[in-house]
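Structural characterization, general
Spelled out from the first residue to the last, the chains are:
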Amino acid sequence: MRQAQPTPQSETLPPRQPALLSVVVPCYNESDGLRALLAALTPVLEPLAPRHEIILVDDGSRDNTFDIAQELSRSDPRVKALRFARNFGKEAAMAAGLAHAQGDAVVLMDADLQHPPALIPEMVACWTAGTDMVIAVRRRRDTDSWLRRLVSRAFYHLFDAVSEVRIPPGAGDFRLFDRKVAQAIVSLPERNRFMKGITSWVGFRQECLPFDVADRASGRSSWSLLKLLRYAWDGITSFSTLPLRVWSVLGVTIAGLSALYGLWLVISTTVFGIDVPGYASLMVSTLFLGGVQLISLGVLGEYVGRIFLEVKMRPMYLVADSVGFDDADASGTGRKRR
Ligand code: UDP
Ligand code: MG
């Protein structure tokens, strides 16, 4: 797999300082770990950027995540929180957080302390030196099960092979964005979001920082293998039309082979006389072609389904409650902001 090359820094870029640093944290059933997250995050942010904001996006949790977020916001006004009307998924939560972040640089991280806050100063240092997007890349994946590692390795190989954007191996959602990158991502109108691909697609100066992923501080991962596979399929269909095109190639190949076979039948019948027709070969070819046609229809259906979801223009998320924001920027439906 190709490695994302760090973009060389230009000597002429003046160093930047974040007047305001935003940290966006999607939270789903994270009531056990939220206080620990804040306790780890605040001492890191305080010396780095006294003016900072922490945006907790409660993605329709079934526990009291939002109550705790409210409490945290009351004791530190730099903590802000949004509550979705239901669980819209991590992608929507990240999009909402980015849309509401006001910072010159925006850090995106998980709530479970798997993304170490201690890396944030290094990320900000990269940004200060002129990088527009700092991608934290996992050194190892040994906190994952072997099955999950296998699935994700297969996915990255496949994604690399079929799509035009490159995802650096080991890159997750722990990233720092310059304001203009965050705005570029927010301005993309698509509802079916695959953040890993979108962030590569937008480009800008990118740099990778290696880090060791920690074990989940509390609770458990909300990603089942099935959910992960669905996510992988969403990712591939969002960034590649190869699954659609492959059927034409297969169709032409099968048609070509059938023509050759037909020619062979004419010749063999003329030379050797009429043979007894084979029941088995007939069944196999009928079933095989039927199967191929159903698969291609299924793939077509997947894309039509995605078009259907996009043309309905439903918002990406609905915000039910918010705390800590000015009224003007507290609302939100995930519609494209201009
Ligand atoms: N998350 C979310 N909505 C969801 C699932 C997860 O906002 O529907 C959040 C979750 O609270 C956490 C982050 O996304 O902050 C990563 O989730 P998790 O730790 O379950 O995933 P993993 O680390 O296993 O990839
Ligand atoms: Mg996690």
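Everything here concerns the structure above.
Since we're looking at a predicted model, the values are computed, not measured. Residue indices begin from 1 for each chain and proceed along its sequence in written order. Chains and ligands are labelled sequentially in the order written, the chains with letters from A and the ligands with numbers from 1. Local features in this predicted model are restricted to residues whose pLDDT is 70 or higher, and side-chain atom pairs enter the listing and the counts only when it is 80 or higher, whereas totals over whole chains, interfaces and linings include all residues. Excluding hydrogens and water, the side-chain values take into account all heavy atoms of the structure.

1. Here's the deal with the pairing of strand 1 (residues 21-27)
Summary of the burial criterion: residues with accessible area below 20% of their type's maximum are buried, those above 50% are exposed, and those between are partly exposed, where the area comes from a 1.4 Å probe applied to protein chains only. Secondary structure elements follow DSSP: runs of H or I of four or more residues count as helices, runs of E of two or more count as strands, with numbering from the N terminus. With seven of seven residues buried, strand 1 is to be regarded as a mostly interior element. Along strand 1, one buried face is formed by Leu21, Val23, Val25 and Cys27 and the opposite face, lined by Ser22, Val24 and Pro26, is buried too. As defined by bridge partners, strand 1 adjoins strand 2 (residues 52-58) across seven bridges and the pair is classed as parallel. Bridging across to strand 2, Ser22 finds its partner in Glu53. Any two strands are treated as partners once DSSP identifies two or more bridges connecting them. With four bridges joining them, strand 1 and strand 4 (residues 105-108) adopt parallel strand pairing. By the bridge assignment, Ser22 is partnered in strand 4 with Val106.

2. Focus on the packing of aromatic side chains
Side-chain rings of Phe, Tyr and Trp (the six-membered ring for Trp) are treated as a pair once their centres are within 6.5 Å; stacked means planes under 30 degrees apart, edge-to-face means over 60, and tilted covers the remaining angles. Applying the stated criterion across every chain yields a total of ten aromatic pairs. Between the aromatic rings of Phe155 and Tyr156, the centroid separation amounts to 5.2 Å while the plane-to-plane angle is 65 degrees, which identifies the pairing as edge-to-face. Measuring from ring centre to ring centre gives 5.7 Å for Phe159 and Phe194, while their planes differ by 45 degrees; the resulting arrangement is tilted. Residue Phe159 is located in helix 5 (residues 146-162), and its partner Phe194 is located in the loop between helix 6 (179-187) and helix 7 (195-202); the two are separated by 35 residues in the primary sequence. Taking relative accessible area as the criterion, Phe159 reaches 1% and is therefore assigned buried. Overall, the relative accessible area of 1% leaves Phe194 in the buried class. Among the aromatic residues, ring-to-ring pairing joins Phe155, Tyr156, Phe159, Phe194, Tyr231 and Phe239 into one connected group. Two conditions define a charge located above a ring, namely a distance within 6 Å from the ring centre to NZ of Lys or CZ of Arg, and an angle within 35 degrees of the ring normal. The lysine or arginine in question, Arg86, covers the ring of Phe88, its NZ or CZ lying 3.9 Å from the ring centre.

3. So, the site of ligand 1
Note on definitions. A residue lies near a molecule or strand when any single heavy atom of the residue is within 4 Å of it. Taken together, 18 residues lie around ligand 1, and Pro26, Glu30, Asp59, Asp112 and Ser221 are the ones closest in. In the model, an oxygen atom of ligand 1 is placed 3.2 Å from a nitrogen or oxygen of the Asn87 side chain. At a separation of 2.6 Å, an oxygen atom of ligand 1 approaches a polar side-chain atom of Asp112. We get accessible surface area from the Shrake-Rupley algorithm with a probe of 1.4 Å; when it comes to residues, only the shown protein chains can shield them. Protein chains shield 93% of the accessible area of ligand 1, which is 530 Å² for the free molecule. The residue inventory of the shell around ligand 1, partitioned by class, reads five nonpolar, five polar and eight charged. Throughout this description, a polar contact denotes any pair of N or O atoms lying within 3.5 Å of each other; where both atoms belong to protein, one of them has to be capable of donating a hydrogen while the other can accept it, and for residues adjacent in sequence the pair is counted only when both atoms sit in side chains. For this classification, Asp, Glu, Lys and Arg are treated as charged, while Ala, Val, Leu, Ile, Met, Phe, Trp, Tyr, Cys and Pro are nonpolar and the rest, including Gly, are polar.

4. Observations regarding the side chain of Ser152
With respect to the helices and strands, Ser152 occurs in helix 5. Note on Ser152: relative accessible area 11%, which makes it buried. Within the structure, the side chain of Ser152 is placed 3.2 Å from the backbone oxygen of Arg149, a separation counted as a polar contact.

5. Some thoughts on the coordination of the magnesium ion (ligand 2)
Coordination sphere of the magnesium ion (ligand 2), protein contribution only: Asp112 (OD) and Gln114 (OE1), at 1.9 to 2.0 Å. Residue class for Gln114 comes out buried when judged on its relative accessible area of 18%. Each metal site is built from N, O and S donor atoms within 2.8 Å (3.2 Å for Na, K and Ca), and since water is not included, such sites may look incomplete.

6. Remarks on the nonpolar core
Residues belong to a common nonpolar core when they are buried Ala, Val, Leu, Ile, Met, Phe, Trp, Tyr or Cys residues joined through side-chain atoms within 4.5 Å. In terms of nonpolar packing, the biggest core is built from 44 residues, with Phe84, Leu98, Phe159, Phe177, Ile185 and Tyr317 touching the most fellow members. The element best represented in this core is helix 3 (residues 90-100), accounting for seven residues. In this structure, Leu41, Leu56, Val79 and Leu176 belong to the second largest nonpolar core, which totals 38 residues.

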